[in-house]
Amino acid sequence: MENGTVYNETTEPEAKAPRRRPFGCTLRHLWGWRLPAKVVQAIFSFVAVVCEEIVADCVVCSGLYFFEFVSCSAFLLSLLILCVYCTDLYQSLGEDKVQKL
């Protein structure tokens, strides 16, 4: 037992960590026409929010408040979809959970 014959290496050599992109961005899950469609959807919903905020005075504001809710919700949800599909969050959550979401 002198020269360490009993003590052989029992672990595998450490593998290199995979190279990560900045902020974990990937277009693997949102490709083709889907990416431009989601970007255009986010832009249009943001324009709708801005247009709603420009209105300074209204007589019956219930329709305007409903439009504000819908346009703001559409903007936030389209940003959420872009963030989930274009980052590593897609793999972190798992495909089945993303589909349920």
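As annotated in an unreviewed UniProt entry, the protein chain carries the name CKLF6 protein and comes from Sylvietta virens.

Draft legend 1. Here's a closer look at helix α1 (residues 34-54). The terminal C-alpha atoms of α1 lie 30 Å apart, and with 21 residues this matches the ideal 30 Å at 1.5 Å per residue to within 8%. Looking only at α1, the buried set comprises Ala42, Ser45, Ala48, Val49 and Glu52. One side of α1 holds all its buried residues, which, seen down the axis, span an arc of 125°. Along α1, exposed side chains directed more than 90 degrees from the buried face belong to Phe44 and Ile54. Lining the buried residues of α1 we find α2 (62-86).

Cut-off values and rules
Residues numbered from 1 in each chain as written. Predicted model: local features only at pLDDT ≥ 70, side-chain atom pairs only at ≥ 80, totals over all residues. Heavy atoms only, no water. Helix = DSSP H or I, 4+ residues; strand = E, 2+ residues; numbered from the N terminus. Expected span 1.5 Å × (residues − 1). Buried < 20%, exposed > 50% of the residue type's maximum accessible area, 1.4 Å probe, protein only. Arc of directions from axis to C-beta. Contact = heavy atoms within 4.5 Å.

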